[in-house]
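Spelled out, the chains give:
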Amino acid sequence: MVLRACDVYELLTHPDTQQIDGVDYVRLNGIPPGAVATFLTDFFLFANGEDHRRKRGLFSRAFGRAEILAARPRVRAAADKMVAALPRGEAFDFLAGMATRLPAELTAAMLGLPEAEATYFAHRASVVAPAMSRNYPHETHAELEDAVVELVYFIEVQLRARLAAPQNDLLTALAVNWDAYREVPFESLVHQVLGLIVGGADATPAAFAMAVALAAGPGGDWQGLRDDPGLIPAAVSEALRVEPPLASVSRYARGPVTFGDATIPKGATICASLLSALRDPDVCARPDVYDIHRADRPPHHPAFGLGPHRCIGEMLARIELEEGLAALTANAPDLEVLVPPAMRGIDGIRAITPMQVRIR
């Protein structure tokens, strides 16, 4: 396990380290043949080199900066609508009431799916997400297998419909771009879209809930964010630093890798702790303090990873977090956190405990 920020940053961009290959991931975890094993073997998160570039490249145009920034007004409108419908004067579960719904419904809108479909695929995606953790959850394999089969069929139907009748949505852009170049089989396109949905549905809700809890809790400045919305991006970045939804990233040593006085042998699996690096006192003063005014946050936030596997949905996730927080500070200025959440876990994607809030 690598803990210091300087070593973590070097590890994630080091030419002699790489993401564990999907075939090896499936083999080492003893995942039985089936839909889950096929998906994990094919998904670009578990690919390297030219294979990774080819599959990730399917999203390069649809996830371009201009295209994602153009979605910001749509994200804010959806967040405002959701906040307006939240209960007033009574305690409610913020995770269920907004944090989980917002990224799911926005992903549905971006992909071009009916709003009614959001709950369905968000639930199934949350079932699949643990399959991509470092230790495969064999105890829920049957449920995982069913969820992957359902989602693969669902996505395949949607993509084929876009190929037959293009629409103005992300799925159409992906389908049309795939059809123009056909660098991967259609089945592989389906797997890449599935992985994208799973990734967005799993980490963003916890990140959003924690950003709200920290901003509205002790040490936060809820009123300051309302008075100056320009501080909201800093509040999101600081929440991601203090409580990142992704605790660590694993890498495989292709050759001997040296950090300081230590040499990691070829073939070793390395765990790079983002949780530790983001609180390293050598790069961040008072690292355990939530401070939206700090000037020493890293410019390329490692909460989204670093190197060739940096999260492709980072910009969309940031927009969702920023506009969701902006909608709450503007339309629920007296929000009170009754039961704050806590992030749990030091490996892979972290879990979040329940969060109770009240809006007077």
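All values reported here derive from a predicted model rather than from experimental measurement. (Residues numbered from 1 in each chain as written. Predicted model: local features only at pLDDT ≥ 70, side-chain atom pairs only at ≥ 80, totals over all residues. Heavy atoms only, no water.)

To continue, consider the sheet that holds strand β1 (residues 17–18). One open sheet holds the 3 strands; their spatial order is β1-β3-β6, and the pairing between them is antiparallel. Strands with a single pairing partner mark the edges of an open sheet, and in this sheet they are β1 and β6 (269–273). Where β1 lies against strand β3 (residues 248–253), 2 bridges are found, and the strand directions are antiparallel. The residue bridging Thr17 from the neighbouring strand is Ala253, located in β3. (Pairing = 2+ DSSP bridges. Helix = DSSP H or I, 4+ residues; strand = E, 2+ residues; numbered from the N terminus.)

This part takes up the packing of helix α14 (residues 232–242) against helix α16 (residues 314–331). Running from amino to carboxyl end, α14 crosses α16 at an angle of 120°, the nearest separation of the two axes being 9 Å. In the packing of α14 onto α16, the handedness of the crossing is right-handed. Within the contact between the two elements, α14 uses Ile232, Pro233, Ala235, Val236, Ser237 and Leu240 and α16 uses Arg318, Leu321, Glu322, Leu325, Ala326 and Thr329. Among the residues making up the contact of α14 with α16, the classes are represented as 8 nonpolar, 2 polar and 2 charged. (Axes fitted to C-alpha atoms, helices over the stretch in contact; angles between N-to-C directions. Left-handed = near helix turned anticlockwise from the far one by under 90°. Contact = heavy atoms within 4.5 Å. Nonpolar A, V, L, I, M, F, W, Y, C, P; charged D, E, K, R; others polar.)

In this section: the environment of Val242. Along the polypeptide, Val242 turns up in helix α14. Distance from Val242 to Met210, taken between C-alpha atoms, is 9.4 Å for residues 32 residues apart in sequence. Every residue in contact with Val242, bar those within four places of it in the chain, is listed here: Leu214, Arg279, Val289 and Tyr290.

A few words now on the sheet that holds strand β7 (residues 335–339). If you walk across this open sheet you meet the 3 strands as β2-β10-β7, and the pairing is antiparallel. One side of each edge strand has no neighbouring strand; the edge strands of this open sheet are β2 (91–93) and β7. Ignoring which end each strand starts from, the neighbouring axes of this sheet average 40° apart. Relative to strand β10 (residues 356–359), β2 runs antiparallel, the two sharing 3 bridges.

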